[in-house]
Amino acid sequence: MNRRLKSTAEDAVDAKAAHLAFDDNTLALQLFGAHHSHLARVEKALDVTIHARGNEVTISGDGEAVDAACTVLNGLYGRLTRGLVVGGAEVDAVVRMAPRGYGDGAGADLAIRTRKRHISPRSPTQAAYIRAIDECELVFGLGPAGTGKTYLAVAKAVERLITGEVDRIVLSRPAVEAGEQLGFLPGDMRDKVDPYMRPLYDALYDMLPGPQVAKRLESGEIEVAPLAFMRGRTLGNAFVILDEAQNTTAVQMKMLLTRLGENSRMVVTGDLTQVDLPRGKRSGLRDAVEILEGVEGIAFVHFTDEDVVRHSLVTNIVNAYDKAEHHRKVASRYESQDDAVDGDKDDPGDDD
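As the structure is a computational prediction, the values presented were derived from the model and not from experiment.

(A) Highlighting the sheet that holds strand E8 (residues 168–173). Read across the sheet, 6 strands follow the order E9-E8-E10-E11-E7-E12 without closing on themselves; strand pairing throughout is parallel. Of all strands in the sheet, those with a lone pairing partner are strand E9 (222–226) and strand E12 (298–302), marking the two edges. Geometrically, the sheet is characterised by an average inter-axis angle of 15° between neighbouring strands, direction not taken into account. Bridge count for strand E7 (residues 138–142) against E12 is 5 bridges, and the pairing is parallel. Bridge pairing links Leu 142 to His 302 in E12.

(B) Expanded view of the environment of Ala 155. Assignment of secondary structure puts Ala 155 in helix H6 (residues 149–163). The class for Ala 155 is buried, based on a relative accessible area of 0%. Along the backbone, Ala 155 and Ile 130 are 25 residues apart, and their C-alpha atoms lie at a distance of 10.0 Å. Not counting chain neighbours up to four residues away, the residues in contact with Ala 155 comprise Ile 112, Thr 114, Ile 119 and Met 207.

(C) Fine view of the packing of aromatic side chains. In total, this model carries 4 aromatic pairs according to the counting rule given. Here the aromatic rings of Phe 22 and Tyr 77 are separated by 4.9 Å at their centres, their planes lie at 40°, and the arrangement is tilted. Of the two residues, Phe 22 sits in the loop between strand E2 (13–21) and helix H1 (25–32) while Tyr 77 sits in helix H3 (residues 63–81), which places them 55 residues apart along the sequence. Taking the relative accessible area as the measure of exposure, Phe 22 reaches 3% and is therefore buried. Judged by centre distance (4.8 Å) and plane angle (10°), the rings of Phe 140 and Phe 300 are stacked. You can see Phe 140 sitting in strand E7 and its partner Phe 300 sitting in strand E12, a full 160 residues away along the chain. By relative accessible area, Phe 140 is classed as buried at 0%.

(D) View of the confidence of the model for the chain. When the pLDDT values of the chain are averaged, the result is 82; 80% of them are 70 or greater. Under a pLDDT of 50 for its full length, residues 177–182 has, in the predicted model, 7 contacts with residues more than four places off or in other chains. Confidence drops under a pLDDT of 50 for residues 348–352, and excluding neighbours within four residues, the segment shows 2 contacts in the predicted structure.

(E) Highlighting the nonpolar core. Tyr 129, Val 139, Val 154, Leu 171, Leu 204, Ile 222 and Val 224 are the most contacted members of the largest nonpolar core, which totals 38 residues. Elements supplying a minimum of two residues to this core: helix H5 (124–135), H6, E8, helix H7 (189–207), helix H8 (210–219), E9, strand E10 (238–242) and E12. A total of 7 residues in this core trace back to one element, the largest contributor, which is H6. Residues in contact with Val 154, not counting those within four places in the same chain, are Leu 171, Ala 203, Leu 204, Met 207 and Ile 241. Core analysis: the second largest hydrophobic core is formed by 29 residues, Phe 22, Leu 46, Ala 65 and Val 95 among them.

Criteria and cut-off values
Residues numbered from 1 in each chain as written. Predicted model: local features only at pLDDT ≥ 70, side-chain atom pairs only at ≥ 80, totals over all residues. Heavy atoms only, no water. Pairing = 2+ DSSP bridges. Helix = DSSP H or I, 4+ residues; strand = E, 2+ residues; numbered from the N terminus. Axes fitted to C-alpha atoms, helices over the stretch in contact; angles between N-to-C directions. Buried < 20%, exposed > 50% of the residue type's maximum accessible area, 1.4 Å probe, protein only. Contact = heavy atoms within 4.5 Å. Phe/Tyr/Trp six-rings, centres within 6.5 Å; stacked < 30°, edge-to-face > 60°. pLDDT = per-residue confidence, 0-100. Core = buried A, V, L, I, M, F, W, Y, C linked by side-chain atoms within 4.5 Å.

Okay, here's the thing in structure tokens:
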């Protein structure tokens, strides 16, 4: 290991170089990506330099970054040897996972197996979320859109149904319009509520072949229903998911949580920054978080914008909205203070 000095004459930084060779040339080409695109993603994410030749790579840069890059490439190669696909999303996922010491960097021990695909966590928070679902009977997944809260919960539900650990899946959402007034919807009850449930159906069709989804919906093994339909029921031997929980009232939330029966799991997901309830109506999700924090057997997993696993632009959008919301709160606080000062000046009582 040699030493190089920062041009700013600050503390010296360890520089390091590492050499990796991969046994299978075909897998090495898949690992590197078309025109070495995967290597370029790793370089950009970890601020290292990677030179590839044949089935070998040389990585140089800061010591910790080089170690992380080695873990990432070995983890991705491990995925390929197990017959799994490696694309840009997988590269980004392993880059997130590697610094937290998740073995091969891909959270392989936490992979969820369904009929159509194997799903691995793509961030440390997703890994913690999956562990929480395995260990706790009630889990709250809180955070912005695109972090995989609902998708992973549906995947775990399908996995448990396939293995026979539960007899049925119950998927529910409050039927609240997201800032729109849709008015009267034509059709029977299912036609009316299906538009609200569409994201849950989409996740199901990602996990199971279409005919199986239809068959299980018909038999009642999978039930997709509005929250209002849960009243008066006991949900035993089931995997229950409540999505968009920020749009429940406190009464609705308490009603659902007390439906949990024997040998059941419940996952509640929501984003407290996207409440669509009428002004002045308190979110049942916020209420539950405050009341149930610290209760044994209940886990709270908080996602952030760093866990967004959709298109990279989604992360930028979430960040932009968070900054705008912060500025609005600061501005409204100063405006309130200014109004209070102006009110004091105008108060006739001050003239006495």
